[in-house]
Amino acid sequence: MTGGPDSSETVQTASDLPSRIVDMLDACLADAERPVPLHKPVFEGNEWDYVKECIDTEWVSTVGGYVDRLENDLADYTGADHAVVTVNGTAALHVSLRLAGVTSEDEVLVPALSFVATANAVAYLGATPHFVDSEEQTLGLDPEKLGAYLDDIAEVRDGTCVNTQTGHPIKALVPMHAYGHPVALDALQEVAERYHLTLVEDAAESLGSLYKGTHTGTIGRLGALSFNGNKTITTGGGGAILTNDDELADEALHLVRVAKEDHEWEYFHDQTGYNYRMPNLNAALGCAQLEQMPSFLDRKRALAERYRDAFAGVDGVSFFTEREDTRSNYWLNVLLLDENVADRRDAVLEATNEAGLMTRPTWQLLSSLPMYEDCPRMDLSTAESLERRLINIPSTPILVGTR
């Protein structure tokens, strides 16, 4: 049985694809020392001076001037009214969901295509992740498909969205800005409002990204950032809660301080809180890193443009770019294989890594992980397609030189 008129060309494209991608990456990263990591921290500013000051003054734990300074700097940078720093991004999302009123009786709508922390933060509260599909235009939640799905399986009863199939309330909607690319927030907000859902943004990967001129993480009722060692800026480990609600900000700060009432010497805790406050050492690093954000973003954008131009003429693969109404931080750059060569993904990963060019597949869909495989989910066909085809490529800003 013979193939169609383009079958021989498709076979040739699939066969050559790994070597052609290696060639393009080699050309784009010709000056980079091998092996080239996926993303590593860049320390070019005041990091050493600020951290040394913490050590010299012995203010190294969760009380110190850099903790307050980082919160103020983050609020100024993102345009949020408040920022509360935490030990990591998962902690920030966990507390954000608790502040959104999520309890053990509830379901929370989360993308199946996301890092595991998005679902873990739901599970920490005893709630159930309810997995929803993504769209290829943003790599994030598909608002049109989600709206149609909720029309079928949910209804609002006395101001609460209820899953008519399980009987459980659906309390919140958690869009995640995958690899720094903002999701379609206007349309998702409309779905959230129609179904009385609290919108909590998982902005762990999108510091510096804008949706229609507004910083991600500040459009929902709450937003969570991450400053892990592989993020655009790092505090070693760290995160932050963003909100424009004064009362939520106060409660967030109280919870991450173990819910301890202020007193000169007594220890009284008025509820179950969390030891989630960021230490001063980490905050000092973050202050120095945030000072360099404009340079980091400029260089990451220049690297993305280099990749975009290089892969424009390569059959079988495309470089993912921001939507017209957004500005991405291009945290991790993304290649998407065409569906007809998706089975070559692992061959591409093997060839690139053997060449000293670190690449990674996207996350395994959360709905397929053993602890979540019995959770409710909608049709996930687009997320499944993206999982087969998506490859991350080196994205450290220093790959285009220092400024």
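Quick caveat: nothing in here was measured; it's all calculated off a predicted structure.

1. Some points on the packing of helix 6 (residues 143–153) against helix 7 (residues 185–194)
Working step 1: Helix 7 packs onto helix 6 with a crossing angle of 15° between their chain directions and a minimal axis gap of 9 Å. Comparing their axes, helix 7 and helix 6 come out roughly parallel. Taken as a pair, helix 6 and helix 7 cross one another with a handedness that is left-handed. Two secondary-structure elements touch here, helix 6 through P143, L146, G147, L150 and D151 and helix 7 through A187, L188, V191 and R194.
Working step 2: The class makeup of the residues in the contact of helix 6 with helix 7 is 6 nonpolar, 1 polar and 2 charged.

2. Some remarks on helix 10 (residues 293–311)
Each α-helix turn comprises 3.6 residues. Residues three or four places apart therefore point the same way.
Working step 1: Between its first and last C-alpha atoms helix 10 spans 27 Å; for 19 residues at 1.5 Å apiece the expected length is 27 Å, and the two agree.
Working step 2: Turning to helix 10, its buried residues number three or more, namely M293, S295, F296, L297, R299, K300, R301, L303, A304, Y307 and F311.

3. Observations concerning the packing of aromatic side chains
Working step 1: Under the criterion given, the structure shown has 7 aromatic pairs.
Working step 2: Centroid distance Y274 to Y276: 5.0 Å. Interplanar angle 15°. Geometry classified as stacked.
Working step 3: Looking at K260, its charged tip hangs above the ring of Y267, at a distance of 5.2 Å from the centre.

4. Some points on the confidence of the model for the protein chain
Working step 1: Overall, the prediction assigns the protein chain a mean pLDDT of 95, with 96% of residues at 70 or greater.
Working step 2: Between residues 1–5, whose pLDDT stays under 50, and residues either more than four places distant or in other chains, the model counts 0 contacts.

5. Some remarks on the environment of H130
Working step 1: Of note, H130 is situated in strand 3 (residues 128–132).
Working step 2: For the pair H130 and A154, spaced 24 residues apart in the sequence, the C-alpha separation amounts to 12 Å.
Working step 3: Here H130 is in contact with E107, V108, L109, V110, Y149, I153, N163, I170, P376 and R377, once residues within four sequence places are set aside.

6. A word on the sheet that holds strand 3
Strand-to-strand pairing in sheets goes through backbone hydrogen bonds, with the strands running parallel or antiparallel.
Working step 1: Here we have 7 strands laid out as an open sheet, ordered 1-11-10-7-6-2-3, and mixed in their pairing. This sheet does not close on itself; its edge strands, each paired only once, are strand 1 (82–86) and strand 3. On average, each strand axis in the sheet is tilted by 30° relative to the strand beside it, whichever way the strands run.
Working step 2: Sheet topology note: the strand 6 (residues 170–173)/strand 7 (residues 198–202) ladder contains 2 bridges and is parallel. Within strand 7, the position partnered with L173 by the bridge is L199.
Working step 3: Contacts from helix 8 (residues 246–256) reach strand 1, strand 10 (222–226) and strand 11 (239–243) within the one sheet, and its direction differs from that of strand 1 by about 15°.

7. Brief notes about the pairing of strand 2 (residues 107–111)
Working step 1: For strand 2, a buried count of 5 out of 5 residues is recorded, marking the element as mostly surrounded by other parts of the structure.
Working step 2: Here strand 2 runs beside strand 3; their pairing, made up of 5 bridges, is parallel. By the bridge assignment for strand 3, V110 is matched with F131.
Working step 3: In this region the chain leaves strand 2, passes through helix 5 (residues 117–124) and returns to the parallel neighbour strand 3; the handedness of that crossover is right-handed.

8. Quick notes on the packing of helix 4 (residues 89–99) against helix 5
Each pair of packed helices can be described by the angle between their axes along with the distance between the axes.
Working step 1: With their axes 9 Å apart at the nearest point, helix 4 and helix 5 run at an angle of 45° to one another. Between helix 4 and helix 5, the interaxial angle falls into the category oblique. Handedness of the crossing formed by helix 4 with helix 5: right-handed. For the pair formed by helix 4 and helix 5, the contact residues are T90, L93, H94 and L97 on the first element and A117, T118, A121, V122 and Y124 on the second.
Working step 2: Per-class residue counts for the contact of helix 4 with helix 5 are 6 nonpolar, 3 polar and no charged.

9. Side note on the side chain of E71
Working step 1: For E71, the location among the structural elements is in helix 3 (residues 65–78).
Working step 2: Residue classification places E71 among the buried residues on the basis of a relative accessible area of 10%.
Working step 3: Looking at E71, its side chain comes within polar contact range of the side chain of R277, at 2.4 Å.
Working step 4: When neighbours within four sequence positions are excluded, E71 is seen to be in contact with A83, V84, V85, L253 and R277.

The rules behind the values
Residues numbered from 1 in each chain as written. Predicted model: local features only at pLDDT ≥ 70, side-chain atom pairs only at ≥ 80, totals over all residues. Heavy atoms only, no water. Axes fitted to C-alpha atoms, helices over the stretch in contact; angles between N-to-C directions. Helix = DSSP H or I, 4+ residues; strand = E, 2+ residues; numbered from the N terminus. Parallel < 35°, antiparallel > 145°, perpendicular 65-115°, else oblique. Left-handed = near helix turned anticlockwise from the far one by under 90°. Contact = heavy atoms within 4.5 Å. Nonpolar A, V, L, I, M, F, W, Y, C, P; charged D, E, K, R; others polar. Expected span 1.5 Å × (residues − 1). Buried < 20%, exposed > 50% of the residue type's maximum accessible area, 1.4 Å probe, protein only. Phe/Tyr/Trp six-rings, centres within 6.5 Å; stacked < 30°, edge-to-face > 60°. Lys NZ or Arg CZ within 6 Å of the ring centre and 35° of its normal. pLDDT = per-residue confidence, 0-100. Pairing = 2+ DSSP bridges. Right-handed = clockwise from strand over helix to strand, strands pointing away. Polar contact = N/O pair within 3.5 Å; in protein donor to acceptor, adjacent residues only side chain to side chain.

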